[in-house]
Amino acid sequence: MAQLISRLRVWRGAVLLLAGLYFLIPMAASVWFSIDDVNGTIAFDAYTGLISAPGFTDSLVLTLELAVVTVVVLLLLLVPAMIAVRLGSPKLRPLLEVVCTLPLVVPPVALTAGLIGVLRWGPDYLMDTPFFQTFVFIQQPEFPLVLVIAYVLMALPLAYRALDSGLRAVDVRTLVEAARNCGASWPRAVVQVILPNLRGALLNASFLTLALVLGEFTTASILGYQPFAVWIYSVGNSQGQMSVAVSVLSLLITWVLLLLLAAAGRERRHKTATAS
């Protein structure tokens, strides 16, 4: 048995080493390309010139704003629906799962083509109605809500799986019944009892949504907006080193967020274990 365990550890270490090399070698090559000067020396002009690059700050701020709004809208829609189905209508759970995972089979190009069709149809048939201003409002370049709609649909399967795994690990019905027996109202039972037990699942869903918004390119590019991913592509056409530098920085930001998420989850488990 000890020999088998040692072999498993060796194979696990080999797999982790190969996986690390698979990710670190391209990362190291990208970093070297971004700092390699034409004269053969090392220069960090690609990184120091990011702040002053045209459109960098605007695109980054727009992407972060879209990410925050997308996370809030997605959680406000999904969390109450999943809790209500689990408490009141368990038979509707397969239907909710199918609806939430359906965007996985719809390519982003097809989803964007559908949005374009709706956006073109609206002004023609709703010109004399109050809904016309709604179509204009969601397409404002300063903050395109149409991208939020698209991102919510694309992130729906990821967030659903993260929240579903969290709900499976919690006895929601027992917790709600205990809170109700103690005199708590339904909103208070959900906010103060259920949501704290779903902290890890909420963080996972938020991180997956944030990562999707930071890296999404197809929909924003076709609709004609310029968030961070589209800006990186446009810069890459004229400044290759700066484009790679921005990609490296965005990847590092994603890793930092993942580490913060893992640290928050470990802190939550440690507090729970200490309280127990």
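Conventions used here
- Residues numbered from 1 in each chain as written.
- Predicted model: local features only at pLDDT ≥ 70, side-chain atom pairs only at ≥ 80, totals over all residues.
- Heavy atoms only, no water.
- Helix = DSSP H or I, 4+ residues; strand = E, 2+ residues; numbered from the N terminus.
- Buried < 20%, exposed > 50% of the residue type's maximum accessible area, 1.4 Å probe, protein only.
- Axes fitted to C-alpha atoms, helices over the stretch in contact; angles between N-to-C directions.
- Parallel < 35°, antiparallel > 145°, perpendicular 65-115°, else oblique.
- Left-handed = near helix turned anticlockwise from the far one by under 90°.
- Contact = heavy atoms within 4.5 Å.
- Salt bridge = Lys/Arg side-chain N within 4 Å of Asp/Glu carboxyl O.
- 1 Å grid on protein atoms, 1.4 Å probe; cavity = no way out; pocket = protein on both sides within 12 Å on 5 of 7 lines; lining within 4 Å.
- Points joined across faces, edges and corners; volume = space filled by probe spheres on them.
- Nonpolar A, V, L, I, M, F, W, Y, C, P; charged D, E, K, R; others polar.
- Core = buried A, V, L, I, M, F, W, Y, C linked by side-chain atoms within 4.5 Å.
- Phe/Tyr/Trp six-rings, centres within 6.5 Å; stacked < 30°, edge-to-face > 60°.
- pLDDT = per-residue confidence, 0-100.

Caption draft 1: Representation of the overall build of the chain within the structure. For the chain, the helix and strand inventory stands at 13 helices and zero strands. Ordered by position from N to C terminus, the α and β elements of the chain give α-α-α-α-α-α-α-α-α-α-α-α-α. Taken along its principal axes, the extent of the C-alpha atoms in the chain is 75 × 75 × 30 Å. Counting only residues that meet the buried cut, the chain has 33% of its 276 residues in that class.

Caption draft 2: Quick look at the packing of helix H3 (residues 56–88) against helix H7 (residues 145–168). Relative orientation of the contacting elements H3 and H7 amounts to 45 degrees, with a least axis distance of 8 Å. The angle between H3 and H7 falls in the class oblique. Viewed along their axes, H3 and H7 form a crossing whose handedness is right-handed. Contact with H3, carried on its side by Leu66, Val69, Thr70, Val73, Leu74, Leu75, Leu77, Leu78, Val79, Met82, Ile83 and Arg86, involves Leu147, Val148, Tyr151, Val152, Ala155, Leu156, Ala159, Tyr160, Leu163, Asp164, Leu167 and Arg168 of H7 and no other residues of that element.

Caption draft 3: Spatial organisation of the pattern of salt bridges. Under the defined criterion, the tally for this structure stands at four salt bridges. Across the pair Arg161 and Glu97 runs a salt bridge, and its minimum N-O distance is 3.0 Å. Placement of the pair is Arg161 in helix H7 and Glu97 in helix H4 (residues 93–101), with a sequence separation of 64 residues. Of the residues examined, Glu97 reaches a relative accessible area of 24% and is grouped as partly exposed. Put simply, Arg168 and Asp164 hold a salt bridge, and the shortest N to O gap is 2.7 Å. Here Asp164 and Arg168 lie together in helix H7, a separation of four residues that amounts to about one turn. Here the salt bridges do not stand alone but share partners, grouping Arg86, Arg93, Asp164 and Arg168 into one network.

Caption draft 4: Quick peek at empty space enclosed by the protein. Under the counting rule described, the total for this entry stands at one cavity of 30 Å³ or more. Taken as a whole, the largest cavity spans an internal volume of roughly 50 Å³. Forming the walls of the largest cavity are Met82, Val85, Arg86, Arg93, Leu96, Tyr160, Asp164 and Leu167. Elements represented by at least two residues in the lining of the largest cavity include exactly H3, H4 and H7. Broken down by class, the residue content of the lining of the largest cavity amounts to five nonpolar, no polar and three charged.

Caption draft 5: Looking closely at the nonpolar core. Among the nonpolar cores identified, the biggest contains 50 residues, and Leu78, Tyr151 and Leu163 are the most heavily contacted of them. Among the elements of the structure, H3, H4, helix H5 (108–125), H7, helix H8 (172–181), helix H10 (199–215) and helix H11 (218–223) are those that each provide at least two residues to this core. The dominant element in this core, judged by the number of residues it contributes, is H7, at 14 residues. Listed in part, the nine residues of the second largest apolar core include Ala53, Phe228, Trp231 and Val235.

Caption draft 6: Structural view of the packing of aromatic side chains. Following the criterion strictly, the structure yields three aromatic pairs and no others. An angle of 10 degrees between the planes, with centres 6.2 Å apart, marks the rings of Phe228 and Trp231 as stacked. Of this pair, Phe228 and Trp231 both sit in helix H12 (residues 228–236), three residues apart, which is roughly one turn of the helix. Looking at Trp231, the relative accessible area reads 2%, which means it is buried.

Caption draft 7: Just the side chain of Thr70, in detail. Here Thr70 shows up in helix H3. Relative accessible area serves as the criterion here: at 0%, Thr70 is assigned to the buried category. Leaving out residues up to four positions away in the same chain, Thr70 has contacts with Val148, Tyr151, Val152, Thr209 and Val213.

Caption draft 8: Looking closely at the environment of Val68. Along the chain, Val68 falls in helix H3. As a C-alpha pair, Val68 and Val148 span 80 residues in sequence and 9.7 Å in three-dimensional space.

Caption draft 9: A look at the environment of Ala53. Position of Ala53 relative to the elements: it lies in the loop between helix H2 (45–48) and H3. For the pair Ala53 and Ser6, spaced 47 residues apart in sequence, the C-alpha separation works out to 53 Å. The residues touching Ala53, leaving out its near neighbours within four places in the chain, are Trp231 and Met242.

Caption draft 10: Structural view of the confidence of the model for the chain. Of all residues in the chain, 91% attain a pLDDT of 70 or more, and the chain-wide mean is 81. For the chain, helix H13 (residues 240–275) is the element with the lowest average pLDDT, namely 69, and H7 is the one with the highest, namely 90.

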